[in-house]
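Coordinate inspection notes
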Amino acid sequence: MINRRKFLRHSVLSTGAILLAQQLNAKSKLEVKLPLVISTWAPNVKANKAAWEILSKSGRAIDAIEKGVMVTEADPEDTSVGYGGLPDRDGRVTLDACIMDELGGCGSVMCIENIIHPVSVARLVMEKTPHVVLVGEGAYAFALQQGFKKENLLTPNSEKIWKEWLKSSKYNPMETMKHMKEKRAPGSIDNHDTIGMLAMDVNGNLSGACSTSGMAFKMKGRVGDSPIIGAGLFVDNEVGAATATGVGEEVIRICGSHTGVEEMRYGKSPREACQIAVERMYKLRKNNLNDMQIGFIAVNKSGEMGAFALREGFNYCYRIGEGVDVVKDAEFLLKN
Ligand code: SD4
């Protein structure tokens, strides 16, 4: 039974939460120029553009998100997502994705093979099953049943990179990332292009998704943060949304995206919320974060956006207003 003191405390907290929601709503009515879409990593400008086609016609954020993320999943140049994603150490491309809508609906697929659009399968898990997560063969069987085609996702380029890695077969994902990125962008430490995308539609509704092929040359069956609700992605339509990129093991440890959304709930700006998530991770793990990159992006209900990364080198892109593309470098905790 709840005693009087607890009851009073409870009601004060509830009143506080209601006031905050009212303030956020009032603010959103005043300031938001909707719609908006924001994604991790600059190359995902093209994904934002595809999402915009739906958002600018007053479409739902969830539809825009799926369409946007599909662009990156189909791009063979992006070796961290979908078609052309780097395989695990056995040469298998295994994909992870999740999606959340404005109603608290969520769906996820983990370690799915031979299906080019895991984000769409995740959406169907959300909409057509009583479950939230399907993994591996179960996810694949469900996808086939829903009409998806079996496709080979290992491109000649990714196969070549994998074969080169096989020569040493040194299983050190962090080293691998560094090595890969050195080839593409000398001097930079990370090889992440995982897409995390958040959008708010003209009705002020938020949705998000995250899609990745995970860590290159990972162990068979390894799953990172990206398809885990609360880690790689979290959306609360009353408060805001956040998504992550980088070394998933570290993001999972602090429920990174959920942490960001909860900080916004208690009044932090999106950038502050992302920074708090990074700092929490750093405090916990500072001796284990060598060469790792982790970045968060977030948006709140009033349409403010922000980002923060563990290290220099994380960027993000958004589209707002009349369809203007903006690319920004995130602020960070550690200089390279
Ligand atoms: C993972 N977070 O599987 C993903 C990897 C990533 O850009 O974000 N790469 O850990």
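Scroll up a little and you will see the structure.
Everything numeric here is computed off the predicted structure, so don't read it as measured data.

1. Side note on the overall build of the protein chain
- Counting its regular elements, the protein chain contains ten helices and 13 strands.
- Burial status across the protein chain gives 57% buried among its 336 residues.
- Taking all contacts inside the protein chain whose residues are at least 6 apart in sequence as the whole, residues at least 24 apart take part in 65%.
- Roughly 14800 Å² of accessible area belongs to the protein chain as shown, and the carbon and sulfur atoms make up 54% of that amount.

2. Notes on the sheet that holds strand β8 (residues 240–246)
- Here we have five strands laid out as an open sheet, ordered β7-β8-β9-β10-β13, and mixed in their pairing. Strand pairing shows two members of the sheet lacking a second neighbour, β7 (233–236) and β13 (332–334), which therefore form its edges. Along the sheet, successive strands turn relative to each other by an average axial angle of 10°, direction set aside.
- Pairing geometry for β7 and β8, over four bridges, is antiparallel. Each bridged residue has a counterpart across the sheet, and for Phe234 the counterpart in β8 is Ala242.
- Across the sheet, helix α9 (residues 256–265) touches β7, β8 and β9 (294–300), and the angle it forms with β8 is around 145°.
- Docked against the sheet, helix α10 (residues 270–285) engages β9, β10 (305–311) and β13, running at close to 20° with respect to β10.

3. Side note on the packing of aromatic side chains
- All chains considered together, the criterion is met by four aromatic pairs.
- Through a chain of ring-to-ring contacts, three or more aromatic side chains come together here, namely Trp41, Phe314, Tyr316 and Tyr318.
- Over the aromatic face of Tyr282 sits the side chain of Lys286, whose NZ or CZ is 5.7 Å from the ring centroid.

4. As for the pairing of β10
- Most of β10 sits inside the fold, with six of its seven residues counted as buried.
- Taking the residues that link successive antiparallel strands as the turn, the β9-β10 hairpin has four residues, and the phi of Gly303 there is positive, at about 85°.
- In terms of strand pairing, β10 meets β13 through two bridges, oriented parallel. Paired with Arg311 across the two strands is Leu334, which belongs to β13.

Conventions and cut-offs
Residues numbered from 1 in each chain as written. Predicted model: local features only at pLDDT ≥ 70, side-chain atom pairs only at ≥ 80, totals over all residues. Heavy atoms only, no water. Helix = DSSP H or I, 4+ residues; strand = E, 2+ residues; numbered from the N terminus. Buried < 20%, exposed > 50% of the residue type's maximum accessible area, 1.4 Å probe, protein only. Contact = heavy atoms within 4.5 Å. Areas by Shrake-Rupley, 256 points an atom, 1.4 Å probe, with all protein chains shown as cover. Pairing = 2+ DSSP bridges. Axes fitted to C-alpha atoms, helices over the stretch in contact; angles between N-to-C directions. Phe/Tyr/Trp six-rings, centres within 6.5 Å; stacked < 30°, edge-to-face > 60°. Lys NZ or Arg CZ within 6 Å of the ring centre and 35° of its normal.

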